[in-house]
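# Observations on the three-dimensional arrangement
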Amino acid sequence: MTTLQSFFRNAFVLCVIAVLTALPLSAHEVAGPSPSAGLGALVFPTSARIPEAQKTFERAALLLHLFEYDEAAETFRKAQALEPDFVMAVWGEAMTHNHPLWNQLDQQAGTAALRKLGDKPSERLAKAHTPREKAYLSAVEILYSGVGSKVERDASYEVAMSKMAANFPNDNQAQLFHALALQGRSQGVRDVADYLRAAEISRRIFDRNPQNPGAAHYWIHGMDDPEHASGAIEAARALAKIAPDAGHAQHMTSHIFIALGLWDDLVQANVEASRVVDAQSRASGKPEVRCFHYNEWLEYGYYQQGRIREANQLLLKCKRSGDAGIKATKGKEGADKLALRFSRSLPAMRATAVIESRDWSGPAVQLQVPDSTVGYAAAVTEFSTGYAAAQRGDLVAAKIALAALAKRVATAQPDSEDLQAVDYLNILHDDLAGLIVSKRGEFDQALTLVRGAAARLDAMAFDFGPPVPVKPPHELLGELLLAANKPAEAAEAFTRSLELAPMRAQSLLGLARAQVLNNENTDAAATYAKVIDMWHQADTDLPELAEARRFVNEHAKNAVLPSGTGKALQTESQESLQARVNSTFRAM
């Protein structure tokens, strides 16, 4: 018998299981969802005696569903202050220290919250007033029990929430927290079956209450990969309207937009998310920093739209505002926390800028980033620095960066919060090594290295968002195959890249060029037309845009084109375009 099994023989757990019966919820359940300004609405009855405490609890629960964890914890504490020994408010505070989709759990903070009700689980359980509240409390106790590994506790927590969802079928929040537990038991690595099951549970609750942000949120998370994203477009269109005052809600919609290559929607979502966060920072007297998750996605979206100048400017704003924000933050603890976040975000944004701008000596390459204690942040800096050096022909600098990256790969340890981190480090290394040897004309070795990186990525679980290896290996493989004069194979590589990152600009351009070299002019014109349509807000002087327009103008007659393309196009013969494309990639 394992220690975890022994834990479940503990009397208090058996007691809770015994009282889990399909009792109806209180009259509050049938009274309709309780709204909270800017965050949506839900039904979450408790045994609270003070109406204001209940109202505050419900607002905190909405924030919890929206992953606004810090504000949720503060609001749960406000509910506790209004009503001492408010069991469900303590439960909620403990829940804010478990971030299942980020594979994070703060054992110390969660345990400290629970101890407000007593030092022992049995003491805490005795303060719960109903079987349903006992079930909620006993489930969260599993997460912070310290018994067994985190993987085992997450699995046991999901079992407990599954039982609770079955025994209280009219409790929408129990259903939703079960859906989240399903996603969380895979430790942040997508398990497709679990994610789809969670999405279906969430969709069902969305049908019951389309104003519950948790329903739309977890539905999106369950389907935010290219294969399934179209099944959650309804949730993506809804969530921002449900919770206009939650930055994460505004951003979260872009998980579906990026999986479908809907760049205009993605950019707008993250503009709104940044606006909400900046307004909250101003209101609380905190510095506005144009970095971090929402701005990382916004920068990537700008590049996919061909808005290179705006993307480059966002990177510089991140640098300036981050440096200024750290200096302006009062208190060493707050400044250190901001500095740590900055040391993770700026390298990621710089690396994206280097790869997406393709300016191998430009401002992004020259930008100084802070030393990071976070392995992957340092790795993308080494990778992007070496990648740019190799592309501009400075193989000495490229090899220095590769050596640093190789040392990092050799000493890498599994990351408890990102179980695929070591694989990503290996992909970065092999991408860079392949590019470097290709510059020496050793294409067989280059292709072997990058094919290995691509195969490694194919074997991994899909990660949402911008490509984690900032240069997708299938895309680099396609470019190397073009340089090796193998356009048919290159087209296959670009097609695979687009399956993983739909409507990604560099992969679309690569596919069009491969089709040109294969004399598939009708297909090439259709692919170039997608670029033109996608780049309707692009910088007007992009050479790739001129390239696409020229080709479409020449070959549009037989191509199936998106509406709006083919306007104001210049003329260029197929022969001259093909010669130019050949020249560009053979000189790569």
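Residues numbered from 1 in each chain as written. Predicted model: local features only at pLDDT ≥ 70, side-chain atom pairs only at ≥ 80, totals over all residues. Heavy atoms only, no water.

## Some words on the packing of helix α21 (residues 375-391) against helix α23 (residues 421-439)
Under the convention used in this document: Angular values range over 0 to 180 degrees, each being the angle between N-to-C directions of two axes fitted as lines to C-alpha atoms, with helices fitted over their stretch in contact. Each helix corresponds to a stretch of at least 4 residues labelled H or I by DSSP, and each strand to a stretch of at least 2 residues labelled E; elements are numbered beginning at the N terminus. Here is the rule for angles: anything less than 35 degrees is roughly parallel, anything more than 145 is roughly antiparallel, 65 through 115 is roughly perpendicular, and the remaining ranges are oblique. The contact rule is simple, with two residues in contact once any of their heavy atoms fall within 4.5 Å. Think of it as three bins: nonpolar holds Ala, Val, Leu, Ile, Met, Phe, Trp, Tyr, Cys and Pro, charged holds Asp, Glu, Lys and Arg, and polar takes everything else, Gly as well.
Where α21 meets α23, the closest approach of the two axes is 10 Å, and the angle between their N-to-C directions is 10°. With respect to their mutual orientation, α21 and α23 come out roughly parallel. Contacts from Tyr376, Ala379, Val380, Glu382, Phe383, Gly386, Tyr387, Ala390 and Gln391 in α21 reach Tyr424, Leu425, Leu428, Asp431, Leu432, Leu435, Ile436 and Lys439 in α23. By residue class, the composition of the contact of α21 with α23 is 12 nonpolar, two polar and three charged.

## Section: helix α13 (residues 233-242)
Note the cut-off: With a 1.4 Å probe rolled over the protein chains alone, any residue whose accessible area is under 20% of its type maximum counts as buried; one over 50% counts as exposed, and the rest are partly exposed.
Every buried residue belonging to α13 is among Ala235, Ala236, Ala238, Leu239 and Ile242, and all of these are buried. Looking at the buried residues of α13, the elements they touch are β2 (40-42), α11 (192-208), α12 (213-222), α14 (247-252) and α15 (254-260).

## Brief notes about the environment of Asp245
Following the sequence through the fold, Asp245 ends up in the loop between α13 and α14. Sequence-wise, Asp245 and Arg275 are 30 residues apart; in three dimensions their C-alpha atoms are separated by 10.0 Å. Once residues within four sequence positions are removed from consideration, Asp245 is found in contact with Ala37, Gly38, Leu39, Val276 and Gln280.

## Side note on the pattern of salt bridges
Oppositely charged side chains can pair when the atoms bearing their charge come close. To be explicit about the condition: One side-chain nitrogen of Lys or Arg within 4 Å of one carboxyl oxygen of Asp or Glu is enough to make a salt bridge.
Going through the model one piece at a time under the given rule, you end up with 34 salt bridges. Of the charged contacts in the structure, one is a salt bridge between Arg185 and Asp194, with a shortest N-O distance of 2.8 Å. For Arg504, the salt bridge identified is with Glu475, shortest N-O distance 2.7 Å. Taken together, the positions of Arg504 in the loop between α26 (487-500) and α27 (505-517) and Glu475 in helix α25 (residues 473-483) put the pair 29 residues apart, joining distant regions of the chain. As far as the burial class goes, Arg504 and Glu475 line up, both buried. In the salt-bridge network here, residues are joined through shared partners; they are Glu356, Arg358, Lys471, Glu475, Glu479 and Arg504.

## Remarks on the packing of α21 against helix α22 (residues 395-411)
How we decide: Here a crossing is called left-handed whenever its near helix is offset anticlockwise from the far helix by less than a right angle, and right-handed whenever the offset is clockwise.
Where α21 meets α22, the axes come as close as 7 Å, and the angle between the chain directions of the two elements is 155°. The orientation of α21 with respect to α22, classified from their angle, is roughly antiparallel. In the packing of α21 onto α22, the handedness of the crossing is left-handed. In contact with Gly375, Ala378, Ala379, Glu382, Phe383, Gly386, Ala389 and Ala390 of α21, α22 contributes Leu395, Ala397, Ala398, Ala401, Ala404, Leu405 and Arg408. Looking at the contact of α21 with α22, its residues break down into 11 nonpolar, two polar and two charged.

## Brief notes about the packing of aromatic side chains
The geometry of an aromatic ring pair is captured by the separation of the ring centres together with the interplanar angle, meaning the angle of the planes. To keep things clear, this is the line we draw: Each aromatic pair joins two rings of Phe, Tyr and Trp (for Trp, the six-membered one) with centres within 6.5 Å, and gets the label stacked for planes under 30 degrees apart, edge-to-face for over 60, and tilted for any other angle. By the criterion adopted, a ring carries a charge over it if an Arg CZ or a Lys NZ lies within 6 Å of its centre and within 35 degrees of its normal.
Tallied over the entire structure, the rule returns 18 aromatic pairs. Seen from their ring centres, Phe67 and Tyr218 are 6.1 Å apart, and the 35° between their planes marks the pair as tilted. Residue Phe67 is found in the loop between α3 (51-65) and α4 (69-82), and its partner Tyr218 is found in helix α12; the two are separated by 151 residues along the sequence. Tyr218 matches Phe67 in its accessibility class, with the two residues each being buried. Aromatic pair Tyr376 and Tyr424: ring centres 6.5 Å apart, planes at 70°, arrangement edge-to-face. Of this pair, Tyr376 sits in helix α21 while Tyr424 sits in helix α23, and the two are 48 residues apart along the sequence. Residue Tyr376 is classed as partly exposed on the basis of its relative accessible area of 23%. Grouped by ring-pair contacts, the aromatic residues Phe44, Phe57, Phe76, Phe86, Trp91, Tyr136 and Phe177 constitute a single cluster. Against the face of Phe292 rests Arg341, its NZ or CZ located 3.8 Å from the ring centre.

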